[in-house]
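Remarks on the overall topology
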Amino acid sequence: MWTAGRRGAALALLMMTGAHAQSPGTSPEACPAATPANPIAEASAAERAREMKLLGIAAMQPPVSAFEPDKPCNANYDEARANPYPALPPLLKMQNGAGVTRATWPQRRAEIKALFDDQVYGRYPAHIPKVSWRVTGTERQTVAGVEAIVKHVTGHVDNSAYPAITVDIQLDVVTPAAAQGRRVPVIIGGGSVRPRPTFARPAPAPGQVTHLLAAPADPPDSAQLLLEKGWGFVWMNTTDIQADNGAGLDKGIIGLVNKGKPRSLTDWGVLRAWAWAQARAVDYLVTDRDVDPRRIGTFGHSRGGKAALVAMADDPRIAIGFISSSGAGGANLYRRNYGETVANLAAPNEFHWFAGNFLKYAAVGHSPDELPVDSHQFIALLAPRPVFIGGGALLTEPEYMPGDAWQDAQGMFMAASAASPAWELLGRKGLGTATFPPMKTLVDDGDIAFRQHEWGHTPAPNWPYFIAFASRYFDR
């Protein structure tokens with residue numbers, strides 16, 4: 001992986017250059033934005049500009065770079081500078097100032113959710129077309145060395161009101177062949193029987209690092225682990241339902257509901273559209289005779305982790321979650337200054353994940369401290385259900401820089417800790433500690449589990465720990 005000497009030298013470089021990394025309030029001229037290089041990027045930038053105009057925003061704060069520690073525009077990876085806004089919005093206080101009791105938690109929960117709906121993830125439309133499901137094929141095949149039953153299922157979204165846009169939800173529901181006749185737990189996003197897609201990446205600039213993944217030589221295979229456990233998983237391609245770019249906001253399920261027109265500033269963003277798709281998958285799964293409707297979980301990594309967190313907050317039928325490396329816009333605190341920033345979330349390549357209103361908090365002259373909420377409150381919406389939050393490490397080897405530091409494991413831990421009082425209010429146990437644990441330490445004494453593995457931007461090392469954690473609930 002890396003030697004202690006090389007790691008120490010590189011870490012020293014990070015800390016020295018971190019003093020010059022962007023801090024809240026950096027001027028746009030200091031970090032010029034990249035020029036869109038293709039039609040999708042250009043259309044995404046145009047859509048963001050339209051939304052900025054509606055908000056009266058003249059200029060946005062510049063995003064930071066992930067892996068150029070010698071540049072003034074690089075992300076901060078110095079923990080000493082990571083908490084410019086340490087005071088978080090209160091979790092257990094009503095908007096009228098009253099304290100929250102177990103009896104009034106549903107009211108407080110509704111307040112928090114409404115603020116996230118308006119200012120962060122966007123509101124669900126009042127009317128979304130129905131989805132009709134059909135099984136298009138069933139086959140027995142070997143998946144990750146285990147005999148399995150694979151059902152191919154299609155959910156067609158009613159587009160009779162706007163035939164110009166078609167949206168279909170494709171699922172592969174995979175369960176162990178040995179468990180036929182029994183209802184088993186399933187994890188949405190837990191594996192795939194299809195080859196992973198490959199994505200073309202632009203040619204790097206001189207000296208630019210493009211490889212962020214460092215993983216064990218033989219990483220755990222989630223599909224194998226789940227099937228050998230006697231559980232199943234569901235594959236779903238969310239980008240078929242809503243494209244991962246701002247150019248597609250007038251297409252997909254968002255465009256279908258809006259009949260091809262631009263979204264409003266409070267309309268749902270892509271993360272919420274993906275969460276909606278997970279909820280519709282649950283609609284099907286509760287009818288599947290091979291699935292236990294009480295033991296449906298969700299998994300997501302990176303931006304998928306953000307969407308899985310939203311899905312679990314929005315759908316109480318999801319019994320457990322594995323939220324991996326979700327970072328900013330997911331489990332990480334918005335008020336942190338470590339790795340990815342709110343300015344990155346509001347950049348032309350990411351703003352579409354959120355409501356248009358979210359742009360306000362990355363405009364020049366504004367800051368995340370103006371947000372009326374933070375992610376600990378959103379995590380609390382999951383209570384009292386169990387959730388496993390994990391991530392990787394800061395890697396300082398040049399070819400792997402920065403590993404998973406962009407997602408900020410410590411910030412996610414801090415948010416989970418600050419969310420814990422919601423579990424305790426409801427008679428459960430949250431994270432149980434506010435002290436960030438040493439790397440590779442599993443914290444699982446309560447209904448929130450946390451583990452930081454020693455590798456980069458990969459969920460694989462934490463899968464065995466999540467399954468052991470979930471077994472406490474699913475094997476009862």
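The structure this text deals with has already been given above.
This structure is a prediction, so every number in the text was calculated from the model and none was measured.

It is worth spelling out the sheet that holds strand S2 (residues 146–157) at this point. Pairing within the open sheet is mixed, and its nine strands lie in the order S1-S2-S3-S5-S4-S6-S7-S8-S9. A strand with exactly one partner marks an edge of an open sheet, and here the two such strands are strand S1 (131–143) and strand S9 (448–452). Averaged over all pairs of adjacent strands, the angle between strand axes in this sheet comes to 20 degrees, irrespective of strand direction. With four bridges joining them, strand S7 (residues 320–324) and strand S8 (residues 387–391) adopt parallel strand pairing. The residue of S8 that forms the bridge with Ser324 is Gly390. Across the sheet, helix H7 (residues 303–314) lies against strand S6 (291–301) and S7, angled at about 145 degrees from S6, the strand it touches most.

In this section: unusual backbone geometry. The peptide bond linking Ala383 to Pro384 adopts the cis configuration, its omega dihedral lying at 5 degrees. Relative to the assigned elements, Pro384 resides in the loop between helix H9 (375–380) and S8. The peptide bond linking Met401 to Pro402 adopts the cis configuration, its omega dihedral lying at 0 degrees. Within the secondary structure, Pro402 sits in the loop between S8 and helix H10 (409–425). Residues other than glycine seldom take positive phi values, yet Ser302 does so here, at roughly 60 degrees. You can call Ser302 buried: its relative accessible area is 16%. Located in the positive-phi region is Ser325, a residue other than glycine, with phi close to 50 degrees. Within the secondary structure, Ser325 sits in the loop between S7 and helix H8 (342–345).

As a further point, take helix H11 (residues 463–474). With 12 residues, H11 extends 15 Å between its outermost C-alpha atoms, agreeing within 8% with the 16 Å of an ideal straight helix rising 1.5 Å per residue. Of the residues making up H11, those classed as buried are Trp463, Phe466, Ile467, Phe469, Ala470, Ser471, Tyr473 and Phe474. Considering only its buried residues, H11 is in contact with strand S4 (184–188), helix H4 (222–229), S6, S7, S8 and S9.

Cut-offs applied
Residues numbered from 1 in each chain as written. Predicted model: local features only at pLDDT ≥ 70, side-chain atom pairs only at ≥ 80, totals over all residues. Heavy atoms only, no water. Pairing = 2+ DSSP bridges. Helix = DSSP H or I, 4+ residues; strand = E, 2+ residues; numbered from the N terminus. Axes fitted to C-alpha atoms, helices over the stretch in contact; angles between N-to-C directions. Contact = heavy atoms within 4.5 Å. Buried < 20%, exposed > 50% of the residue type's maximum accessible area, 1.4 Å probe, protein only. Expected span 1.5 Å × (residues − 1).

Shape descriptors only; they carry no functional weight alone.
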